[in-house]
Amino acid sequence: MAISNQSQYTKADFESANDIRWCPGCGDYAILSAVQGVVPALGIPKEKFVFISGIGCSSRFPHYMSCYGFHTIHGRALTVATGVKSINPDLSVWVITGDGDGLSIGGNHLIHAIRRNQDFKILLFNNRIYGLTKGQYSPTSELGKKTKSTPYGSIDNPINPASVAIASGATFVARTVDKNVKHMMEVLKKAAAHKGTAFIEIYQNCLVFNDNAFEGFTKKDVKDDHSVYIEHGKPLIFGKNHDKAIKLNGFHPEVINAANGNIKETLVHNEHADDRGLAYVLGQMGVENEGLPVAFGVLRQIEQPTYQERLFEQEKLAKEKSLSGGLPQQTLEQILNAGDTWMVK
Amino acid sequence: MTLTEEKKEKKIETLEEATIRFAGDSGDGMQLTGGQFTNATAIVGNDLSTLPDFPAEIRAPAGSLAGVSAFQIHFSSKEIHTPGDILDVLVAMNPAALKTSLKDLKPGGMLIVNTDAFTETNLKKAGYEENPLEAEINQKYQVFPIEISRLTQLALEDMNLPGKVVDRSKNLFALGLMYWLYTRPMDTTIDWLKKKFSKDPVILEANLKVLKAGYHYGETTETFISNYEIKHAKLLPGKYRNITGNEATVLGLVAAHELTGLTMFLGSYPITPASDILHELSKYKNLGIRTFQAEDEIAAIGAAIGASFAGGLGVTTTSGPGICLKSEFTGLAIKTELPLIICDIQRGGPSTGLPTKTEQGDLLQVMFGRTSESPIPILAAATPGDCFETMIEAVRIAVKYMTPVFFMSDGYLANGSEPWRIPQINTLPKIEVKFRKEADGFYPYLRNPDTLARPWALPGTPGLEHVITGVETEQITGKICYDPQNHDAMIKIRAKRIAQIENDIPDIKTIFGESKGDLLILGWGSTLGSINAACEQLLKQGYKVANAHLRYLNPFPKNLGEFLKNYKKILIPEINLGQLRLLIRAKYLIDAQGFNIVGGQPLKVNGIVEAATKLLKA
Ligand code: SF4
């Protein structure tokens, strides 16, 4: 990717003239603003950004950026992004999806894009509800959730986006929340710098159909006790008074009292661990196992060849082999005339 | 040549044509045997047409009726059109093969059977109460009972090979015998075996021995009184190769990659009978062709659309069930007006249907199988070799008019083969591609007044940043727009921009027969061969008939309506229940009649002749 040293852009350069049609107060605004705040400074020419989305409230996103965009069909943005990057690897491709779009109808593509380490960002706006279709439960809605389509409560176990990503072999997995714009921007910057699939789950409040779903992590008096902000090489300490820590008991994370000098036992985050185990344990906290704080930040970041690197390496080798005569057919003429042929006079 | 030697030499009879079928168990290598016979026949210079017919199951129970695999070839010193309605020779490697194929053998035809396979168990599996070879079958056909398995064993007696290896080579005995019977050279097969087993000299030697044993068996035993020769056909001068429809489709794609200068991107998901296109095209990474085996049919087309958005040439290949899954994305490509090639290699349906058998059942699906008004050009290849030219034409239309295009083939074309005159590179059309570069006056939906195509503006081009979407958009600006008048206008523009392609495609013409007459036989796709042959026969019988064939199913050639009026009656044979007929009747208010047999097989020439005669006399 062509990266120039200094950026001439400002946030305004990435704002589109289109009217924004999200509900006033929707968490999507904060995400849009964070992205528009981060991309100008990445040193990438504006015309090289492509925002690709599926269907849902979040998927209107490309219309509100002044970049190239493709607002595709429900659940399938990742497939389109795959084709775009396979033709032009020089583009900076950002996929915008939601919990319904990315995990329900598009769940299959999410797994496969991630396992291939496709070189694009995936921003999954998780509001735990279907907004655009007016309030049905989503794959991340909690068990027992009452919605229009579940008047007696949902009987489906919810899915944890981070777990799916890690299990699929994601090379970058992070979690952030709409109300913490500063943190979101930091995470986005790290995602932008990552080579390969960067998967970011963003807790996003849908104030119309699922208001306060993430209150526990955003409300002033409780958020510090319910969330732990993780950083590479740093111990996992949290709580209003920084008096709580996470320790691992075998595979199980436990909350310990950090005020009592238990610091030595505190788990230290290593986002670059080859093994997926730690990221998986951290990603589950507070989502799949209760009584623990939810981890925000980069759960995992490792280096691995991207799909595009492998694709072009293979193509290069095939071309070299062909030029050195190692492959039987090189030109169209030779290919058409290959195999057993005969002349008719 | 001395007199005695002459006596020993068998008489060689010259024939004009022959139709033979190798039939056996799935594990008997019948497709391979047929393929080898085809290559040798092609090299001799005969015109030919083949029909491979194999079960969907990879390993159906041995000896069962469901497990029969067959390969039919019709070859001639004259131009021919079909793999043949009836057989002159049937090689049956087991009772099940005999049971399924005997009905197609002409009375008095040659029946060569491997008697060793006619065991009690095999007979039972095939549903025979008693051995048919001992019944009156001998009065109806010339039966040649040969202990093919035992003779194969004898040929390899001194090699001490495992029984399995020996048994597996018995098809080469049959092949050698047929080479002798039809005086084909064995060289192509010998070369092929040498290449294939270059690292396994023992197996090579064994295979060569068995092949030759079969040949010499025909030559030296008293079983056959004579053998046959079919002189080379007078085809158009040029260089030829034998080609299947799927091979020609791949070559068409490779040519399009070169002719357009675009990077071809194939997104595909394995499905019978289209998978070979993915396999073959994957070999051309050295040309910069990119192939992607996606996680499903939807991802396959999605990636192809993404590729086209970024300035590649998106292609996706599938069969009917895959088309169902791709229909939403096809609509997106129509709405966003991106070039795309969607290949439908049709197979028997509905649902899973008959994966390895042929059908023309998808015409209405590709024509109408989407939401709302979503017009799309449709082209269909008529013969295996024609897949090449039809593909290039599909690509030309896709990039010139910025539209997805359906390329239609079917199971019969895909696997069937014919001699193909290799085109000269300089006769292939140049396909001009223009990307929008200038930012001044750019609007995503500002159309070229001649083609009504919108500009192809690639991500990465400064100043042309824009968003495309499946949501309805305003004319010219491409901004989301829910206005009723705009929607009505956009719907009509989309219809018009596809309909006007009729000005850029050739008129339909008669193939056989006069430009006016009592009956026109109109077809599309793989029925061309059968229809041509039927029309020739009817003309010989003195009827005023003609035939014509549609490559362009949407839009139809401009003159089609007028053209149809030149004939008193119209017959449309199809391997469906009348899908083209429905379109023709609807568009031209003409009382076209159908001939429709949907058996998973190409249409029989005789069937068409009968239907035509009946209609002519009605
Ligand atoms: S419905 Fe919910 S998610 Fe959608 S725009 Fe409104 S607040 Fe946002």
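Keep in mind the model is a prediction, meaning the values are calculated, not measured. (Residues numbered from 1 in each chain as written. Chains lettered and ligands numbered in written order. Predicted model: local features only at pLDDT ≥ 70, side-chain atom pairs only at ≥ 80, totals over all residues. Heavy atoms only, no water.)

Asker: How should the overall build of chain B be read in this particular structure?
Answerer: Tallying secondary structure elements over chain B gives 22 helices and 22 strands in all. A compact globule built from 618 residues should have a C-alpha radius of gyration of about 25 Å, and chain B, at 27 Å, falls within 12% of that. Taken along its principal axes, the extent of the C-alpha atoms in chain B is 90 × 60 × 50 Å. Every one of the 618 residues in chain B was classed for burial, and the buried ones make up 63%. (Helix = DSSP H or I, 4+ residues; strand = E, 2+ residues; numbered from the N terminus. Rg over C-alpha atoms; globule rule 2.2 N^0.38 Å. Buried < 20%, exposed > 50% of the residue type's maximum accessible area, 1.4 Å probe, protein only.)

Asker: Before we go on, may I ask you to explain the site of the ligand in this structure?
Answerer: Lining the immediate surroundings of the ligand are W22(A), C23(A), C26(A), C57(A), N127(A), G131(A), Q204(A), C206(A), L207(A) and F209(A). Tallied by class, residues from the shell around the ligand come to seven nonpolar, three polar and no charged. (Near = heavy atom within 4 Å. Nonpolar A, V, L, I, M, F, W, Y, C, P; charged D, E, K, R; others polar.)

Asker: I keep staring at the packing of aromatic side chains and nothing clicks. Help me out?
Answerer: The geometry of an aromatic ring pair is captured by two quantities: the separation of the ring centres and the angle between the planes. All names here are of chain A. For the structure on display, the rule yields 30 aromatic pairs over all chains. Ring centres of W22 and Y29 lie 5.6 Å apart, and the angle between their planes is 80°; on these two criteria the pair is classed as edge-to-face. Note that K46 overlies the ring of F14, its terminal NZ or CZ placed 6.0 Å from the centroid. Lying over the aromatic face of Y203, R128 brings its terminal NZ or CZ to 5.3 Å of the ring centre. (Phe/Tyr/Trp six-rings, centres within 6.5 Å; stacked < 30°, edge-to-face > 60°. Lys NZ or Arg CZ within 6 Å of the ring centre and 35° of its normal.)

Asker: Got a minute to help me understand the interface of chain B and chain A in this structure?
Answerer: Quite often, the size of an interface is put as the accessible area lost when its parts meet. Listed per partner, the contact involves 70 residues of chain B and 54 residues of chain A. Between chain B and chain A lies a buried interface of about 5,200 Å² when both sides are counted; carbon and sulfur atoms form 66% of it. It is N286(B), R290(B) and E295(B) in chain B that bury the most area against chain A; as a group they hold 13% of the surface buried on that side. At the boundary of chain B with chain A, the tally comes to two salt bridges. The partner of E315(A) in a salt bridge is R290(B), with the nearest N and O atoms 2.8 Å apart. Sort the elements by how many residues they give to the side of chain B that touches chain A and helix α13 (residues 297-309) of chain B lands first, with eight residues. Split into classes, the residues belonging to the side of chain B that touches chain A amount to 41 nonpolar, 19 polar and ten charged. (Contact = heavy atoms within 4.5 Å. Buried area = accessible area lost by both parts, 1.4 Å probe. Salt bridge = Lys/Arg side-chain N within 4 Å of Asp/Glu carboxyl O.)

Asker: Help me understand the sheet that holds strand β2 (residues 68-71) of chain A, please; the structure alone is not making it clear to me.
Answerer: Strand-to-strand pairing in sheets goes through backbone hydrogen bonds, with the strands running parallel or antiparallel. Across the sheet, which stays open at both edges, the nine strands sit in the order β7(A)-β11(A)-β5(A)-β6(A)-β4(A)-β3(A)-β1(A)-β2(A)-β17(B) with mixed pairing between neighbours. Single-partner strands in this sheet number two, and they are β7 (227-229) of chain A together with β17 (467-469) of chain B. Shown here is a sheet whose adjacent strand axes are inclined to one another by a mean of 20°, direction ignored. The sheet contact formed by strand β3 (residues 92-98) of chain A and strand β4 (residues 121-126) of chain A spans five bridges and is parallel. Within the sheet, the bridge partner assigned to T97(A) lies in β4(A) and is L124(A). (Pairing = 2+ DSSP bridges. Axes fitted to C-alpha atoms, helices over the stretch in contact; angles between N-to-C directions.)

Asker: For this particular structure, what's the right way to read the sheet that holds strand β2 (residues 17-25) of chain B?
Answerer: Residue and element names in this part refer to chain B. Read across the sheet, six strands follow the order β3-β4-β2-β5-β6-β7 without closing on themselves; strand pairing throughout is mixed. Taken across any chain shown, the strands that pair with only one partner, and hence form the sheet edges, are β3 (47-53) and β7 (142-146). Strand-to-strand twist in this sheet, taken as the mean axis angle between neighbours without regard to direction, amounts to 15°. In the sheet, β3 pairs with strand β4 (residues 68-76) via seven bridges, with the strands oriented antiparallel.

Asker: Could you clarify how one ought to interpret helix α18 (residues 484-499) of chain B in this entry?
Answerer: Because each turn of an α-helix spans 3.6 residues, side chains separated by three or four positions end up pointing in the same direction. All names here are of chain B. Across its 16 residues, α18 extends 23 Å between first and last C-alpha, which sits within 8% of the 22 Å expected from 1.5 Å per residue. Taken as a whole, α18 has its buried residues at N486, M490, I491, R494, R497 and I498. Down the axis of α18, the buried side of the element spans an arc of 140°, and every buried residue falls inside it. Structural note: α18 exposes P484, Q485, K492 and K496 on the side pointing more than 90 degrees away from its buried face. Buried-residue contacts for α18 involve α14 (320-336), α16 (386-401) and β20 (552-554). With a side-chain oxygen lying 3.3 Å from the backbone nitrogen of Q485, the N-terminal cap of α18 falls on D483. (Expected span 1.5 Å × (residues − 1). Arc of directions from axis to C-beta. Polar contact = N/O pair within 3.5 Å; in protein donor to acceptor, adjacent residues only side chain to side chain.)

Asker: Explain the nonpolar core here, please?
Answerer: One recurring pattern in soluble globular proteins: nonpolar side chains tend to sit buried together. All names here are of chain B. Ranked by internal contacts, the top residues of the largest apolar core, which has 153 residues, are I341, L522, L564 and L580. At ten residues, the largest contribution of residues to this core is made by α16. Among the nonpolar cores identified, the runner-up in size contains 54 residues, and F71, F173, L177 and F197 belong to it. (Core = buried A, V, L, I, M, F, W, Y, C linked by side-chain atoms within 4.5 Å.)

Asker: What is the right way to read the pattern of salt bridges from this model?
Answerer: Oppositely charged side chains can form a pair if their charged atoms are brought close together. Enumeration according to the criterion identifies 39 salt bridges over all chains in this entry. The partner of K247(A) in a salt bridge is E265(A), with the nearest N and O atoms 3.2 Å apart. Of this pair, K247(A) sits in strand β9 (residues 244-249) while E265(A) sits in the loop between β10 (252-257) and α9 (277-284), and the two are 18 residues apart along the sequence. Assessed through its relative accessible area of 41%, E265(A) is described here as partly exposed. The salt bridge involving E562(B) is made with K565(B); its shortest N-O contact spans 3.1 Å. Judged by relative accessible area, which is 53%, E562(B) ranks as exposed. K565(B) gets classed as exposed once you look at its relative accessible area, which sits at 59%. If you follow the salt bridges from partner to partner, you end up with E393(B), R396(B), K400(B) and D504(B) in one network.

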